[in-house]
Amino acid sequence: KFLDGKEAVSAEKAAEIAESKFGGEFEYAGESTLGIKTYLFVSGERSVQITQTGGIVAQYTDASLSAGGETKKTDEILASATEFLRSLGYDSMKAVWISEQSDTVYLNFAYTTDDVVYYPDLVKVKVARDTAAVTGMEAMNYIYNHTDRGELVFGETDGFVLPEGFERKSLVKCLIPTDWNTERAAYEISGEYDGGTYYVYFDAATGEEIKIMRVIKDGNEGNLIV
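Residues numbered from 1 in each chain as written. Predicted model: local features only at pLDDT ≥ 70, side-chain atom pairs only at ≥ 80, totals over all residues. Heavy atoms only, no water.

### Thoughts on helix 1 (residues 11–22)
Point 1. Taking 1.5 Å as the rise per residue, helix 1 with twelve residues should run 16 Å; its terminal C-alpha atoms sit 16 Å apart, in good agreement.
Point 2. For helix 1, every residue scored as buried is listed here: Ala14, Ala15, Ile17, Ala18 and Phe22. Down the axis of helix 1, the sector holding all buried residues measures 160 degrees, keeping them to one side. Set apart from the buried face of helix 1 by more than 90 degrees, the exposed residues are Glu12 and Ser20.
Point 3. Buried positions along helix 1 lie against strand 2 (38–43), strand 3 (46–51), strand 4 (57–62) and helix 2 (74–87).
Point 4. Remark: Gly23 follows helix 1 within two positions and exhibits a positive phi of approximately 80 degrees. (Helix = DSSP H or I, 4+ residues; strand = E, 2+ residues; numbered from the N terminus. Expected span 1.5 Å × (residues − 1). Buried < 20%, exposed > 50% of the residue type's maximum accessible area, 1.4 Å probe, protein only. Arc of directions from axis to C-beta. Contact = heavy atoms within 4.5 Å.)

### With respect to the nonpolar core
Point 1. Ranked by size, the top nonpolar core spans 55 residues in total, and within it Val48, Leu85, Tyr90, Leu107, Val123, Val125 and Met137 carry the most contacts.
Point 2. In contact with Val48, not counting residues within four places along its chain, are Ala18, Phe22, Phe26, Tyr39, Leu40, Phe41, Val57, Gln59 and Tyr60.
Point 3. Ranked by size, the runner-up nonpolar core spans eleven residues in total, among them Val96, Val172, Cys174 and Ile176. (Core = buried A, V, L, I, M, F, W, Y, C linked by side-chain atoms within 4.5 Å.)

### Focus: the packing of aromatic side chains
Point 1. Applying the stated rule across the entire model yields 14 aromatic pairs.
Point 2. Ring geometry for Tyr90 and Tyr142: centres 5.0 Å apart, planes at 85 degrees, overall edge-to-face. With Tyr90 in the loop between helix 2 and strand 5 (93–100) and Tyr142 in helix 3 (residues 140–145), this residue pair connects regions lying 52 residues apart in the sequence. Each member of the pair, Tyr90 together with Tyr142, is buried.
Point 3. Seen in terms of ring centroids, Tyr111 and Tyr118 are 5.5 Å apart; in terms of plane orientation they differ by 55 degrees. Their pairing is tilted.
Point 4. With relative accessibility at 17%, the residue Tyr111 sits in the buried group.
Point 5. Through a chain of ring-to-ring contacts, the aromatic side chains of Phe22, Phe26, Tyr60 and Phe84 assemble into a single cluster.
Point 6. One residue, Lys6, lies across the ring of Phe2, its end atom 4.2 Å from the ring centre.
Point 7. One Lys or Arg, Lys173, reaches over the ring of Phe154 and ends 5.4 Å from the middle of that ring. (Phe/Tyr/Trp six-rings, centres within 6.5 Å; stacked < 30°, edge-to-face > 60°. Lys NZ or Arg CZ within 6 Å of the ring centre and 35° of its normal.)

Have a look at this one:
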């Protein structure tokens, strides 16, 4: 949807875009025709995919950036990732999930405007913990889904029914994908209940409960950012 109405770009133009965004010289390495059509370019241990329509950076990897030094603060990592996305034209992005591992921090960013989080418009970013440099990004979900949805309707928040003992932590206006390849405006309520962390979604207009998600511990530590 993000590419609708945009003009096609040549491989030569896409190479210029890659070089202007990341510096250095990039060599053409083929193209992808699966899903979103892209040109692939490489420069040493760096690679980048540029959409054939619109000339948008869809994916980037820099394997030359190794980690292992002193860990940067989370604020520095967030700032680095946010500025990186802004430099590529991904504006109004908010980090909604962060997972910190031994040498890499993984972040999910969602398009956010007027205090509404658009979860379908997601960009994934990898950052080295020691330098706060971005080592990878992937924006296929954003490119598939981002478009002008018009004004979303959000009703009152007084009628939500939660189980007794549910300890509410946050209330967020959002747009969520459905199982039927559509989208739905919702209120997201996070909280603790019976020893678990839950996210409950209510229809933004009617207050109807539409989805419950429980956080499952799988060994990878992560935190929702609200």
